[in-house]
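# Chain and residue survey
Single-letter residue listing:
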Amino acid sequence: VAQEASNSSTSFNLTARQELRLECSNGKPVSIRLEEGTAEVFGTELNRGRAVSVTGQKVAVFTWVGCRVSVQGEPTVMYVADETPMASYLNVHQTLDQRREEAKRAGPGSAGNNGPVVVVVGPTDSGKSTLCRLLGNWAVRSGWQPTFVDLDVGQGTITVPGCLSAVPLEQPVDIEEGFSADLPLVFFFGHSSPGENPALFKSLADKLAALLQRRAAADPRVAASGLIINTFGWVDGLGYELQKHIIQTFQCDVVLVVEQDRLYATLQQDLKVTCPRTTILKLAKSGGAVKREGDERRGAREQRIREYFYGTARTPLQPATQTIRATDIAVYRIGTGPRAPSTTLPVGSASLADPLRLQNLPPSLEQLQCVLAVSHAATPDQILNANIAGFVLVKDVDTARGAVTITAPAPGPLPGRYLVMGSIRSSME
Ligand code: ATP
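Residues numbered from 1 in each chain as written. Predicted model: local features only at pLDDT ≥ 70, side-chain atom pairs only at ≥ 80, totals over all residues. Heavy atoms only, no water.

Okay, the overall build of the protein next. From N to C terminus, the protein includes seven helices and 24 strands. On C-alpha atoms alone, the protein measures out to a radius of gyration of 23 Å, which is about the 22 Å that the 2.2 N^0.38 rule sets for 429 residues. By its C-alpha atoms, the protein is 70 × 55 × 40 Å across when sized along the principal axes. The proportion of buried residues among the 429 residues of the protein is 49%. Put simply, of all contacts in the protein between residues at least 6 apart along the chain, 73% involve residues at least 24 apart. Just so you have it, the protein exposes about 19700 Å², and 50% of that area is on carbon and sulfur atoms. In the protein, 42 positive and 42 negative side-chain charges are present, and the distance between their average locations comes to 3 Å. (Helix = DSSP H or I, 4+ residues; strand = E, 2+ residues; numbered from the N terminus. Rg over C-alpha atoms; globule rule 2.2 N^0.38 Å. Buried < 20%, exposed > 50% of the residue type's maximum accessible area, 1.4 Å probe, protein only. Contact = heavy atoms within 4.5 Å. Areas by Shrake-Rupley, 256 points an atom, 1.4 Å probe, with all protein chains shown as cover. Lys, Arg positive; Asp, Glu negative; His and termini not counted. Charge placed at Lys NZ, Arg CZ, Asp CG, Glu CD.)

Here is the structure:
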């Protein structure tokens, strides 16, 4: 690699299969411009001569054939890497593409018309989301329209944290803005760890899987394109059980295990019996996938909530705050809230511990700064089965006057009166 600096801009000559890794902090935009050759950022091609501005992200500019790229701004880290797992990732993509072709050839209505359902599993920060993004982008560039499913309730990429969601990928992911989430299909779990209510997590995963299977049945192109599923990084104990549930309920036929030999071996053993037709592949972690500590993970969650309400620098939103009568809405919690050990419960109160119990909450200060999901449910008994129209943030609760002040991403009446509360909060002003 040859590197040249002029004024505030640095120019890199990358040879084939090298990547330039950049860590760009929040509020300090870094401009990246492809000058010659071809290059991509996590599978999205850079346009020659057109700069993209990156902030609050760690990215890699990868080239298959060689390129010259210039960087302006002050990334906190910037270096060129020779070794990447990109060739093995592309190999997986090619295999998946063959499966899509076969599904298309099988034609609508036939048994084999479903494309690959791929799930990516592995420990936290092993690069799962990035691998999903690469596979999604490459599939789009080959003319498919895969559905990206994000089950990572802690660090999801489609909408606010605490959700199980899906979007059809119609174009490569925007390098600056991330996944375009015009009309995502969202179920609200309400917590940043699936362990907070595993039964609810499973139930919502089942709902989402069934809905996507119906969508695929109605559209041969969607069916042949398949699913790409991202998961959370909790792969031991209960986390592992939930991963297996995901594999079963989405009927995954390809499991990509990033980094961990142990997880790979255990899955091979366990799925042999329950899902004998599932292919399990082990893939190396990219050296560029960097560990994020608790603070950074919390910060990323807060940032996603902020973006939901305020948009991004390129496409800002105008959030609106309004005060409504508490009787115009009904706030529900699913489950028992903080769990009590069953031995401390009085005899006969077992139903109170039902993880899917719906509890109507009166207006209270406990709701301050909570992110509430606006359910599509028309009646309370539909809440457990309904997906989500959007979110509001509770700014004030006046219990004496029976009024609640909420912020929504746009002015106007709420799209539903049933709101679901979990444990997702934001300190946003
Ligand atoms: P989690 O389990 O927390 O969701 P993950 O396994 O999905 O994590 P990613 O989010 O894909 O991991 O990657 C972790 C971080 O490393 C991200 O900030 C991502 O942008 C960055 N990253 C991944 N691959 C590269 C690379 N090749 N070069 C630079 N940064 C990278």
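Below, the discussion takes up the nonpolar core. Counting 57 residues, the largest nonpolar core has Leu208, Ile229, Phe250, Leu267 and Phe391 as the members making the most contacts within it. The next biggest cluster of nonpolar side chains, apart from the first, holds 45 residues, and it includes Val30, Leu34, Leu46 and Val69. (Core = buried A, V, L, I, M, F, W, Y, C linked by side-chain atoms within 4.5 Å.)

This brings us to the packing of helix 5 (residues 237-249) against helix 6 (residues 261-274). Axis separation between helix 5 and helix 6 bottoms out at 12 Å; the angle between their running directions is 45°. Judged on the interaxial angle alone, helix 6 and helix 5 are oblique. Relative to helix 6, helix 5 is oriented so that their crossing is right-handed. Mapping the contact onto sequence places Tyr240, Lys244, Ile247 and Gln248 in helix 5 and Leu263, Thr266, Leu267, Asp270, Leu271 and Thr274 in helix 6. Split into classes, the residues belonging to the contact of helix 5 with helix 6 amount to five nonpolar, three polar and two charged. (Axes fitted to C-alpha atoms, helices over the stretch in contact; angles between N-to-C directions. Parallel < 35°, antiparallel > 145°, perpendicular 65-115°, else oblique. Left-handed = near helix turned anticlockwise from the far one by under 90°. Nonpolar A, V, L, I, M, F, W, Y, C, P; charged D, E, K, R; others polar.)

This brings us to the site of the ligand. Around the ligand there are 22 residues in total, and Lys58, Ser129, Thr130, Asp152 and Arg297 lie nearest to it. Asp125 is positioned with one of its backbone polar atoms (N or O) 3.1 Å from an oxygen atom of the ligand. Contacts to the ligand include Lys128, whose side-chain N or O atom sits 2.7 Å from an oxygen atom. Within the complex, the protein chains bury 92% of what would otherwise be the 630 Å² of accessible surface of the ligand. The set of elements that each furnish at least two residues to the shell around the ligand consists of strand 3 (19-24), strand 8 (57-62) and helix 2 (128-141). (Near = heavy atom within 4 Å. Polar contact = N/O pair within 3.5 Å; in protein donor to acceptor, adjacent residues only side chain to side chain.)

One open sheet accounts for five strands, arranged 6-5-8-3-10; its pairing is antiparallel. In the strand order of this sheet, the two ends are held by strand 6 (44-45) and strand 10 (77-81), each with one partner. Of the pairings in the sheet, the one linking strand 5 (residues 40-41) to strand 6 comprises two bridges and is antiparallel in character. Its bridge partner being in strand 6, Glu40 is matched across the sheet by Glu45. (Pairing = 2+ DSSP bridges.)

Counting buried residues in strand 16 (residues 254-258) gives five out of five residues, a clear majority hidden from the surface. What you see with strand 16 is no split at all: Val254, Leu256 and Val258 on one side and Val255 and Val257 on the other are buried throughout. Judged from the four bridges that link them, strand 11 (residues 117-121) and strand 16 form a sheet pairing that is parallel. Considered in strand 16, the bridge of Val119 is made with Val255. Here five bridges tie strand 16 to strand 17 (residues 279-283), and the two strands are oriented parallel to one another. In the strand pairing of strand 17, Val254 is matched with Thr279.

Attention now goes to the state of the cysteines. Counted according to the given criterion, the structure contains zero disulfides. Here Cys275 is not disulfide-linked; the sulfur of Cys252 is the nearest cysteine sulfur, at 8.1 Å. The class of Cys275 is buried, set by a relative accessible area of 12%. Free cysteine: Cys370, not disulfide-bonded; nearest cysteine sulfur from Cys163 at 14 Å. (Disulfide = S-S within 2.5 Å.)

What follows concerns unusual backbone geometry. One non-glycine residue, Phe42, adopts positive backbone phi at about 45°. Looking at the secondary structure, you find Phe42 in the loop between strand 5 and strand 6.

Packed helix pairs are specified by the crossing angle of their axes together with the interaxial distance, meaning the distance between the axes. Between helix 3 (residues 198-218) and helix 5, the shortest axis-to-axis distance is 10 Å and the interhelical angle comes to 20°. Classified by the angle between their axes, helix 3 and helix 5 sit roughly parallel to one another. Crossing of helix 3 against helix 5: the hand is right-handed. When helix 3 is examined against helix 5, the residues Pro198, Phe201, Lys202, Ala205, Asp206, Ala209 and Gln213 are found in contact with a partner set consisting of Leu238, Leu242, His245, Ile246 and Thr249. Per-class residue counts for the contact of helix 3 with helix 5 are seven nonpolar, three polar and two charged.

Glancing now at helix 1 (residues 86-106). Given a rise of 1.5 Å per residue, 21 residues ought to cover 30 Å, and the 30 Å separating the end C-alpha atoms of helix 1 matches this to within 8%. Among the residues making up helix 1, those that are buried are Met86, Tyr89, Val92, His93, Leu96, Asp97, Arg100 and Ala103. Along helix 1, the residues classed as buried sweep out an arc of 145° about the axis, all on the same side. Gly107 lies just past helix 1 and shows a positive phi near 85°. (Expected span 1.5 Å × (residues − 1). Arc of directions from axis to C-beta.)

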